[in-house]
Amino acid sequence: MSLAIRVIPCLDVHDGRVVKGVNFLNLRDAGDPVELAAAYGRAGADELVFLDISASSEGRATTFDMVRRTAETVFIPLAVGGGVRSVEDVDTLLRTGADKVGINTGAITRPAVIDEIAHRFGNQVLVLSLDARREAGQPSGFGVTTHGGRQAAGLDAIAWVKEATERGAGEILLNSMDADGTTDGFDVEMIAAVKAVVDVPVIASGGAGTVDHFVAAAQAGADAVLAASVFHYGTLSIAEVKAGLAQAGFPVR
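These notes cover the structure that comes with them. Quick caveat: nothing in here was measured; it's all calculated off a predicted structure.

**Some words on the overall build of the chain**
For the chain, the helix and strand inventory stands at ten helices and twelve strands. Against the compact-globule benchmark of 18 Å for 253 residues, the chain has a radius of gyration of 16 Å, which places it among compact chains. Seen through its principal axes, the chain has C-alpha atoms that stretch 40 × 40 × 40 Å. When burial is assessed residue by residue, the chain has 56% of its 253 residues classed as buried. Considering only contacts in the chain between residues 6 or more positions apart, those separated by 24 or more positions represent 65%. Each charge class in the chain can be summarised by its mean position, and for the 21 positive and 32 negative side chains these summaries are 2 Å apart.

Below, the structure is given as structure tokens:
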């Protein structure tokens, strides 16, 4: 019996509000994070991901408060990312109510932080957030980006994800920067390429527009499927996505 495919709404939080754009540009307000989180909890979401996209020092205080309030309201796993650079950052977020913590730029800057976090808290806590895109110059054809997809990190995405899991990342949040916010479908080739080199769960992100897109991501090997705008703006419900996955033969909760 394979594990159920998890369906995860993602809340991109900027200055205490949920926002959504296309390729991280032209952000639109999508509501209050705690209210949205509670609504998703009632709607059958398996987990929630908060990404603090303005993780400045003031944004941090906002985020801690928001995570605390959400953890008090919602009883499904909560993963939080944005601006995480140290064991101390992870410790604070876990104490505030997060169940998992996502790291991206901090790990690229100093890969040893992955080992430190996994050693201290266990790898089940650590999600490597990977913003990748097609990049002709990289051996695998996929490159890593930072700063919301705006800067190339000069790293091959497949080599990096392998190193990160070997160091102790327990899960991969794979976000296709080419597909982000387009609603044209997940990058199934990228999902398959990452799944081929890791033995930890992979969450597919970026590009969801229809139920069939979620099914295609699961068929490519995704262990969980994540979306933002299609859920926030009511294009699809979590129940519809789960029904589509179940119909395609995937176990859901």
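**A look at the pairing of strand E5 (residues 78-81)**
Taking every second residue as pointing to the same face, both faces of E5 are buried, with Leu78 and Val80 on one and Ala79 and Gly81 on the other. In the sheet, strand E4 (residues 48-52) pairs with E5 via four bridges, with the strands oriented parallel. Residue Leu48 lies in a different strand from E5, and its bridge partner there is Leu78. Pairing of E5 with strand E6 (residues 100-103), which is carried by three bridges, proceeds in the parallel orientation. For Ala79, the partnering residue across the bridge sits in E6 and is Lys100.

**Let's talk about helix H6 (residues 157-167)**
Taken together, the buried positions of H6 are occupied by Ala157, Ile158, Trp160, Val161, Ala164 and Thr165. All buried residues of H6 fall inside an arc of 160° around its axis, so they share one side.

**Some points on empty space enclosed by the protein**
It is a probe the size of a water molecule, rolled over the atoms, that shows where empty space is left. Under the criterion given, the structure shown has four cavities of 30 Å³ or more. Approximately 190 Å³ is the volume attributed to the largest cavity. Contributing to the lining of the largest cavity are 20 residues, with Lys20, Asp180, Ser205, Gly206 and Ala228 lying nearest its centre. Listing elements by their share of the lining of the largest cavity, those giving two or more residues are strand E1 (6-14), strand E10 (171-176), strand E12 (224-227) and helix H9 (229-232). Residues belonging to the lining of the largest cavity are distributed by class as follows: nine nonpolar, eight polar and three charged. Computed from the structure, the second largest cavity encloses a volume of approximately 60 Å³. Around the second largest cavity, the lining residues are Val49, Phe50, Leu51, Ala79, Val80, Gly81, Gly102, Val127, Ser129, Leu173 and Ile203.

**Examining unusual backbone geometry**
Positive phi outside glycine occurs at Asp15, with the angle close to 50°. You can see Asp15 is positioned in the loop between E1 and strand E2 (17-22). Even without a glycine there, the phi angle at Thr183 is positive, about 60°. Inspection of the secondary structure puts Thr183 in the loop between E10 and helix H7 (188-195).

**So, the packing of aromatic side chains**
Within the structure shown, the criterion is met by three aromatic pairs. Summarising the aromatic geometry, the rings of Phe214 and Phe231 are spaced 5.9 Å apart at their centres and angled 20° between planes, so their arrangement reads as stacked. One end of the pair, Phe214, is in helix H8 (residues 211-219); the other, Phe231, is in helix H9, and 17 residues separate them in sequence. Across the pair, Phe231 and Phe214 agree in class, each one buried. An aromatic cluster is defined as three or more aromatic residues linked by ring pairs; in this entry it consists of Tyr40, Phe186, Phe214 and Phe231.

**Some details on the nonpolar core**
In a soluble, globular protein the nonpolar side chains are often hidden away together inside. Ranked by size, the top nonpolar core spans 72 residues in total, and within it Phe50, Leu128, Leu174, Phe214, Val225, Phe231 and Leu245 carry the most contacts. Not counting residues within four places of it along the chain, the set of residues in contact with Val225 comprises Ile5, Arg6, Val7, Ile8, Phe186, Ala204, Phe214, Ala217 and Leu245.

**Points about H8**
Along H8, the positions that sit buried rather than exposed are His213, Phe214, Val215, Ala217 and Ala218. On its buried face, H8 is in contact with H7, strand E11 (202-205), E12, H9 and helix H10 (238-247). A positive backbone phi angle near 115° is found at Gly221, which sits one or two residues after H8.

Rules used throughout
Per chain, the residues get numbers from 1 upward, laid out in the order the sequence is written. This being a predicted model, a pLDDT of at least 70 is required before a residue's local features are given, and a value of 80 or more before pairs of side-chain atoms are given or counted; all residues contribute to the totals for chains, interfaces and linings. Only hydrogens and water are set aside; all other atoms, that is, all heavy atoms of the structure, feed into the side-chain values. Segments assigned H or I by DSSP are reported as helices when at least four residues long, segments assigned E as strands when at least two residues long, and all are numbered from the N terminus. We compute the radius of gyration from the C-alpha atoms alone; for a globule the expected value is 2.2 Å times N to the 0.38, where N is the number of residues. Only protein chains enter the area calculation, which uses a 1.4 Å probe; residues under 20% of their type maximum are buried, those over 50% are exposed, and those in between are partly exposed. We call two residues contacting when some pair of their heavy atoms lies within 4.5 Å. A residue counts as positive if it is Lys or Arg and as negative if it is Asp or Glu; His and the chain ends are not included. A single reference atom marks each charge: NZ on Lys, CZ on Arg, CG on Asp, CD on Glu. When DSSP finds two or more bridges between two strands, those strands count as paired. When we speak of the arc, we mean the arc of directions from the helix axis to the C-beta atoms. Here a cavity means grid points, on a 1 Å grid over the protein atoms only, where a 1.4 Å probe fits yet cannot get out; a pocket means an open set of points with protein on both sides within 12 Å along at least five of seven lines; lining residues are those with an atom within 4 Å of a point. Grid points are joined across faces, edges and corners, and a volume is the space filled by probe spheres set on the points. Note that Gly is not counted as nonpolar here; it falls among the polar residues with everything else outside the nonpolar set of Ala, Val, Leu, Ile, Met, Phe, Trp, Tyr, Cys and Pro and the charged set of Asp, Glu, Lys and Arg. Here a pair means two rings of Phe, Tyr or Trp (six-membered ring of Trp) with centres within 6.5 Å. Their orientation is stacked below 30 degrees between planes, edge-to-face above 60, and tilted elsewhere. Residue types Ala, Val, Leu, Ile, Met, Phe, Trp, Tyr and Cys, when buried and joined through side-chain atoms within 4.5 Å, form a set referred to as a nonpolar core.

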